[in-house]
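Analysis of the macromolecular model
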Amino acid sequence: MGKKIAVYVCGGCGIGDALDIEQLSKVATDEKKVPICKTHANLCSQEGAGMIKDDIAKEGANALVIAACSHRVMYDVFNFENCIVDRVNIREQVAWSQKPGEEDTQMMAEDYLRMGLAKVEAMQLPEPYKPEQEISRDILVVGGGLAGMTSALEASKAGYSVVLVEKEAQLGGFQKKVKEIATMPYKGIKHNTIEDLIKAVQERENIKVYTGAAVEKTVGGPGVFEVSIKQNGTAAQHRIGAVVLAAGWRPYDPNKLDKKLGFGASPNVITNAMFEENSQGESITRPSDGKAVAKAAFLQCAGSRDPKYLPYCSTVCCTTALKQALRIKEQNEDADVFVVYKEMRTPGQAEDLYRKAQEVGVTFIRCQSPEVKAEGGQLTVEAEDELLGEKVLLEDLDLVVLATGMVPATAFGKDISKELKAEDEEKKEEELEVPLDIIRRSNILNLEYRQGPEVPALKYDFPDSHFVCFPYETRRTGIYAAGCVHRPMGIGSTTEDAAGAVMKAIQCIELTSRGAAVHPRAGDMSFPEFAMQRCTQCKRCTVECPFGAINEDEKANPLPQATRCRRCGVCMGACPERIISFKNYSVAMIGSMIKAIHVPEEDEEKPRIVVLACENDAYPALDMAGLHRMTYNPWVRVIPLRCLGSINLVWIADSLSKGIDGVLLLGCQHGDDYQCHFIQGSELASIRLSKVSETLNRLALESDRVRYENISIIDFTKLPALLDEFAARLEEVGPNPFKGW
Ligand code: SF4
Ligand code: SF4
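In this text the structure is predicted, and so the values were computed from the model without any measurement.

Let us look at the overall build of the protein chain. Helix and strand counts for the protein chain come out as 20 helices and 34 strands. With respect to the principal axes defined by its C-alpha atoms, the protein chain has extents near 95 × 60 × 55 Å. Restricting the contact set of the protein chain to residue pairs at least 6 apart, pairs at least 24 apart contribute 69%. As presented, the protein chain carries roughly 30,000 Å² of accessible surface, and 47% of it is formed by carbon and sulfur atoms. Measuring between centres, the 87 positive side-chain charges of the protein chain sit 3 Å from its 106 negative side-chain charges.

Mapped onto the fold, Asn-446 is located in the loop between β25 (440-441) and β26 (479-481). One polar contact links Asn-446 to Asn-443, side chain to side chain, over a distance of 2.8 Å.

Further remarks concern the packing of aromatic side chains. What the rule picks out here adds up to nine aromatic pairs. Arranged with centres 5.2 Å apart and planes meeting at 75°, the rings of Tyr-129 and Phe-527 form a pair that is edge-to-face. With a gap of 398 residues between them, Tyr-129 in the loop between α5 (103-122) and β5 (139-142) and Phe-527 in the loop between α12 (491-513) and β27 (529-530) connect regions that are remote in the sequence. Among the residues examined, Tyr-129 registers a relative accessible area of 28% and is labelled partly exposed. On the basis of relative accessibility, which here comes to 17%, the residue Phe-527 falls in the buried class. Here Phe-174 and Trp-249 contribute two aromatic rings whose centre-to-centre distance is 4.8 Å and whose plane-to-plane angle is 55°, an arrangement assigned as tilted. Separated by 75 residues along the polypeptide, Phe-174 in the loop between β6 (162-165) and β7 (180-181) and Trp-249 in strand β14 (residues 249-251) bring together distant segments of the chain.

Along helix α10 (residues 351-359), the residues classified as buried are Leu-353, Tyr-354 and Ala-357. Down the axis of α10, the buried set is contained in an arc of 105°. They therefore lie on one face. In the core, the buried residues of α10 are packed alongside α9 (317-331) and β18 (363-366). With its phi angle positive at about 100°, Gly-361 sits one or two positions after the end of α10.

The next point concerns the site of ligand 1. If you check the shell around ligand 1, you find 14 residues, and the closest are Cys-545, Cys-565, Cys-568, Gly-569 and Cys-571. Of the residues assigned to the shell around ligand 1, the class counts are eleven nonpolar, one polar and two charged.

Moving on to the site of ligand 2. In the region of ligand 2, 14 residues are neighbours, and Cys-535, Cys-538, Lys-539, Cys-541 and Cys-575 sit closest. Class assignment for the residues of the shell around ligand 2 results in nine nonpolar, two polar and three charged.

All right, on to the sheet that holds strand β20 (residues 378-385) then. Pairing within the open sheet is antiparallel, and its three strands lie in the order β19-β20-β21. In the strand order of this sheet, the two ends are held by β19 (371-375) and β21 (390-394), each with one partner. Averaged over neighbouring strand pairs, the angle between their axes works out to 20° when direction is ignored. Bridge count for β19 against β20 is five bridges, and the pairing is antiparallel. Within β20, the residue paired with Val-372 across the bridge is Val-381.

All right, on to a negative patch on the surface then. Taken together, the side chains of Glu-601, Glu-602, Asp-603, Glu-604, Glu-605 and Glu-731 define an acidic patch exposed on the protein surface. According to the relative accessible area criterion, Glu-604 is partly exposed, its value standing at 38%.

Looking now at empty space enclosed by the protein. Empty space among the atoms becomes visible once a probe the size of a water molecule is rolled across them. The full count for this structure, using the stated rule, is seven cavities of 30 Å³ or more. Approximately 200 Å³ is the volume found for the largest cavity. Around the largest cavity sit 16 residues that line it, and Val-434, Pro-435, Leu-436, Gln-451 and Val-543 are the ones nearest its centre. In terms of residues, the lining of the largest cavity owes the most to one element, helix α11 (residues 417-427), which gives four residues.

Attention now goes to the pattern of salt bridges. Counted by the stated rule, this structure contains 50 salt bridges. When the shortest N-O distance is used, the salt bridge between Arg-366 and Glu-343 registers 3.6 Å. Of this pair, Arg-366 sits in strand β18 while Glu-343 sits in the loop between β17 (336-341) and α10, and the two are 23 residues apart along the sequence. Asp-461 is paired through a salt bridge with Arg-440; the nearest N and O atoms lie 2.8 Å apart. Taken together, the residues Asp-461 in the loop between β25 and β26 and Arg-440 in strand β25 connect sequence positions 21 residues apart. Connected through salt bridges with shared partners, the residues Glu-31, Glu-110, Asp-111, Arg-114, Arg-608 and Arg-637 form a single ionic network.

This part covers the nonpolar core. Counting 123 residues, the largest nonpolar core has Tyr-8, Ile-90, Leu-612, Trp-651 and Leu-666 as its most contacted members. Of all the elements, α5 adds the most residues to this core, at eight residues. For Ile-90, the contacting residues outside a window of four places in its chain are Val-9, Cys-10, Ile-15, Leu-19, Leu-24, Ala-67, Ala-68, Ala-95 and Ala-109. Ile-139, Val-141, Met-149 and Ala-246 belong to the second-largest nonpolar core, a separate cluster that totals 33 residues.

Both strand β11 (residues 225-231) and strand β12 (residues 234-240) contribute to a ladder of seven bridges, which runs antiparallel. Its bridge partner being in β12, Gln-231 is matched across the sheet by Thr-234. Where β11 folds back onto β12 in an antiparallel hairpin, the turn is made up of two residues, including Asn-232, whose phi is positive at roughly 50°.

A word on the pairing of β17. In terms of burial, β17 is largely enclosed, as five of its six residues are buried. The sheet contact formed by strand β16 (residues 295-299) and β17 spans five bridges and is parallel. Across the sheet, the residue bridging to Lys-295 is Asp-336, located in β17. Traced from β16 through α9 to β17, the parallel crossover comes out right-handed. As paired elements, β17 and β18 share four bridges and run parallel to each other. Opposite Phe-338, over in β18, you have Thr-363 as the bridge partner.

Turning to the environment of Ser-25, a few remarks are in order. By the secondary structure assignment, Ser-25 is in helix α2 (residues 21-31). By relative accessible area, Ser-25 is classed as buried at 7%. A C-alpha to C-alpha distance of 70 Å links Ser-25 and Gly-212, two positions 187 residues apart in sequence. Non-local contacts of Ser-25, meaning those with residues more than four positions away in its chain, are made with Val-9, Cys-37 and Thr-39.

Conventions used here
- Residues numbered from 1 in each chain as written.
- Chains lettered and ligands numbered in written order.
- Predicted model: local features only at pLDDT ≥ 70, side-chain atom pairs only at ≥ 80, totals over all residues.
- Heavy atoms only, no water.
- Helix = DSSP H or I, 4+ residues; strand = E, 2+ residues; numbered from the N terminus.
- Contact = heavy atoms within 4.5 Å.
- Areas by Shrake-Rupley, 256 points an atom, 1.4 Å probe, with all protein chains shown as cover.
- Lys, Arg positive; Asp, Glu negative; His and termini not counted.
- Charge placed at Lys NZ, Arg CZ, Asp CG, Glu CD.
- Polar contact = N/O pair within 3.5 Å; in protein donor to acceptor, adjacent residues only side chain to side chain.
- Phe/Tyr/Trp six-rings, centres within 6.5 Å; stacked < 30°, edge-to-face > 60°.
- Buried < 20%, exposed > 50% of the residue type's maximum accessible area, 1.4 Å probe, protein only.
- Arc of directions from axis to C-beta.
- Near = heavy atom within 4 Å.
- Nonpolar A, V, L, I, M, F, W, Y, C, P; charged D, E, K, R; others polar.
- Pairing = 2+ DSSP bridges.
- Axes fitted to C-alpha atoms, helices over the stretch in contact; angles between N-to-C directions.
- Patch = residues over 30% accessible without salt bridge, like charges linked within 9 Å, V, L, I, M, F, W, Y side chains within 5 Å.
- Salt bridge = Lys/Arg side-chain N within 4 Å of Asp/Glu carboxyl O.
- 1 Å grid on protein atoms, 1.4 Å probe; cavity = no way out; pocket = protein on both sides within 12 Å on 5 of 7 lines; lining within 4 Å.
- Points joined across faces, edges and corners; volume = space filled by probe spheres on them.
- Core = buried A, V, L, I, M, F, W, Y, C linked by side-chain atoms within 4.5 Å.
- Right-handed = clockwise from strand over helix to strand, strands pointing away.

Written as structure tokens, this is what we have:
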């Protein structure tokens with residue numbers, strides 16, 4: 001693309017008061033000899049945007065540098081088709097965060113304009129990725145329980161064809177075993193309507209149901225998945241656009257519980273799940289002899305919320321116990337029913353069910369550690385009643401029901417994370433310190449992905465997602481988790497979750513069909529391109545991509561799968577040969593932005609700090625600081641990165657060898673409570689940074705010149721002090737000796 005660069009400088013929103021915008025324009029006109037450079041009092045006005053449109057139409061301007069507000073606002077106004085656009089942020093990050101009229105403030109704006117021009121010179125217009133195969137709009141739903149069937153029905157109603165795979169012989173999942181349910185508005189218990197849902201699914205022409213079936217293989221990526229489904233010894237092939245993983249849950253294994261809870265000591269000690277299975281008939285009976293239950297105790301949190309067993313709360317066990325207690329009371333209003341609990345958790349309107357149980361005479365006993373005794377055919381529960389402060393004996397019980405929690409289907413199967421890692425260890429050239437996820441061979445999706453056959457999980461085996469910003473998302477693009485495989489939930493939440501997941505699957509299909517990225521860079525048309533002639537088959541990109549988007553051939557050549565890519569740039573940062581780039585984001589582009597910064601001589605006593613800021617949290621936090629008119633250090637020059645994981649260490653070398661005094665990396669929190677939009681990006685950046693001392697030693701520089709800080713968007717109030725403190729440390733260390741070289 002032949003570029004005609006045009007620069008537009010806005011004087012509105014106080015920019016013109018803080019800066020000399022005519023002087024600023026001279027960077028473009030005098031220094032860079034840009035053919036078109038204009039100022040305007042309000043570029044975002046109809047007249048201002050119209051001026052730009054006129055230049056595009058009449059002057060052939062097609063590479064636009066707009067020095068005004070942050071790119072995070074007014075994006076619809078400054079969106080010009082078929083043009084390269086860079087937004088130079090002289091409002092939030094200069095005029096609103098620096099002292100007006102000062103030399104340092106003007107110098108900052110001038111540097112940002114130089115950096116914007118360097119960026120635009122290095123950028124190309126992205127072209128949408130078009131796979132060779134036609135994009136499929138069909139949705140695969142794995143799991144025919146409540147979540148799976150709801151997803152299938154929602155997709156079908158929205159006009160998408162569905163392939164529904166259920167491993168059991170019938171649809172319905174666990175709900176098929178449940179006779180009565182407790183759900184909104186929680187005024188009492190109701191008859192389960194799962195059969196109606198099964199019928200509705202079976203009646204839809206655009207839902208193809210496979211029961212007694214399993215997904216044997218999943219190849220490809222969003223829009224172009226090739227899925228092989230095995231049923232009765234035969235295999236059916238389907239082209240699929242996106243996947244909803246609704247594989248459900250299994251009850252926590254009661255055999256693993258503390259023996260004090262009595263499981264196995266008597267057939268009359270059962271779990272809440274067994275209660276459902278055993279009470280399909282008219283009456284609720286004790287398993288040992290079929291006698292109707294007249295006295296029962298429900299023991300809550302059996303193993304749940306206990307680090308030794310199941311550390312989390314499954315959210316539904318309390319409501320389930322209330323429902324089951326009510327069922328016994330419905331059968332026999334004189335039955336003695338006890339619920340022994342640590343805390344009753346009945347959120348929202350489920351509190352009404354709690355009240356109803358109290359009204360019909362269910363007795364609640366608060367006790368942290370009840371004990372079940374099964375001696376001489378007698379069942380007794382011993383409980384320390386915390387409210388009465390005395391020991392309570394519940395004797396001659398017909399039934400003890402243990403409230404065991406939910407374990408996601410993805411938790412079963414062997415954890416092969418270490419094996420996958422070991423394979424890399426053997427073949428690596430340098431140490432690959434990629435954080436380990438849990439990846440199990442659990443035989444649900446059987447993905448042909450270099451990074452393992454199933455969706456990765458965090459420590460509790462739920463398919464990991466950025467819960468705050470991207471519910472439903474897994475670490476495999478185009479595969480969305482729904483229902484209890486996603487997190488423990490009841491009926492109401494499951495139906496909502498299933499609808500949400502299928503909406504994300506539809507969004508993925510539609511964006512993929514346009515060649516665009518899904519969240520978080522929704523709509524981004526760029527994708528990584530590999531200059532394969534220079535690839536050394538080091539495997540860094542294939543190992544570090546957080547989304548398993550790059551497969552490998554037998555010679556370890558990377559095989560990028562563009563529709564799986566989320567455009568984070570982690571592979572670009574990982575590649576030691578620097579052969580991965582995007583049309584509008586590359587190692588060279590950021591390098592040229594760094595080189596565009598004017599570094600004053602040592603005697604001018606104007607240090608310079610390059611801030612490489614994650615554009616998802618740290619960069620918005622800087623904008624927020626400006627928005628709140630918080631003044632911060634004028635030496636900083638901020639460069640937004642798609643993800644800190646895209647950092648290539650050459651940028652640090654480039655900065656320091658140019659005489660920049662320090663480099664600050666601002667990224668998101670990592671670890672189990674990570675905030676990184678690209679999951680492992682910020683962690684990979686900090687791992688790469690731990691190896692930077694070698695570069696610093698080579699340049700004979702102090703390690704204090706480079707620092708990593710976690711910043712989330714709400715931390716903006718901390719930013720001015722953080723930048724000042726880093727600047728003060730650099731003053732102590734002294735000027736970069738490379739200044740002026
Ligand atoms: S690392 Fe990011 S940009 Fe690279 S292939 Fe993976 S998802 Fe795409
Ligand atoms: S593209 Fe780069 S990171 Fe990936 S294998 Fe080749 S040299 Fe290594």
